[in-house]
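# Architecture and fold: a report
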Amino acid sequence: MKSQTSAKDAKQQAVKVRNYFAKQPPSARTRLKQMRGAIRAAAPGGTEVISYGIPAFRLNGRILVWYAAWKHHTSLYPLTAAERRAKSAALKSYETSKGTVRFPLDERLPVGLVKRLVKARIAELPQKKEKAK
């Protein structure tokens, strides 16, 4: 029964993500698809959900990253202070704040950087605990 519920929930979440994309202007929609592709490539085991009204990826039962479209940029969340420091050279061209990096819509998305940020976030997440035998 649980797998049926999980499959049904996954389908509902996929519909919500598609609806979010559909509400965006074409330029933002294209960028969101690029970001989603980069996140999927870095976290192939992640599942898409809507959380706090924006698309996100869940991995091992926890939110891995959120991403969203705005009028002039797309954002990737969370960006920890440690990651900002570690990737400061790569991030210097982008606006960052306490938990996000903003990628202007009028510039090419740095797909490699997005993948590296997602992989770093995977490393930060607590790993799923093994069940005792």
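Note: the structure precedes this text.
Let me begin by describing the structure that accompanies this report. (Residues numbered from 1 in each chain as written. Predicted model: local features only at pLDDT ≥ 70, side-chain atom pairs only at ≥ 80, totals over all residues. Heavy atoms only, no water.)

At a closest axis distance of 8 Å, the pairing of helix α2 (residues 26-42) and helix α5 (residues 111-124) adopts a crossing angle of 45 degrees. As far as their axial angle goes, α5 and α2 are oblique. When you trace α2 past α5, the crossing you get is right-handed. Taking contact as the criterion, the partners of Ala38, Ile39, Ala41 and Ala42 in α2 are, on α5, Val111, Val114, Lys115, Val118, Lys119 and Ile122. In the contact of α2 with α5, the residues fall into eight nonpolar, no polar and two charged. (Axes fitted to C-alpha atoms, helices over the stretch in contact; angles between N-to-C directions. Helix = DSSP H or I, 4+ residues; strand = E, 2+ residues; numbered from the N terminus. Parallel < 35°, antiparallel > 145°, perpendicular 65-115°, else oblique. Left-handed = near helix turned anticlockwise from the far one by under 90°. Contact = heavy atoms within 4.5 Å. Nonpolar A, V, L, I, M, F, W, Y, C, P; charged D, E, K, R; others polar.)

Moving on, we get to α5. The terminal C-alpha atoms of α5 lie 20 Å apart, and with 14 residues this matches the ideal 20 Å at 1.5 Å per residue to within 8%. Within α5, the full set of buried residues consists of Leu113, Val114, Leu117, Val118, Ala120 and Arg121. For α5, the angular spread of the buried residues around the axis is 160 degrees, confining them to a single face. Where α5 is buried, its residues touch α2, β3 (62-69), β4 (73-77), α3 (81-86), α4 (88-91) and β6 (100-104). (Expected span 1.5 Å × (residues − 1). Buried < 20%, exposed > 50% of the residue type's maximum accessible area, 1.4 Å probe, protein only. Arc of directions from axis to C-beta.)

Here the bond from Tyr77 into Pro78 is cis, since omega is -20 degrees, no more than 30 degrees from zero. Position of Pro78 relative to the elements: it lies in the loop between β4 and α3. The backbone of Tyr52 shows a phi angle near 55 degrees, a positive value even though the residue is not glycine. Mapping Tyr52 onto the fold places it in the loop between β1 (47-51) and β2 (54-59). Residue Tyr52 is classed as exposed on the basis of its relative accessible area, which comes to 77%. For Asn60, which is not glycine, the phi torsion reads 55 degrees and is therefore positive.

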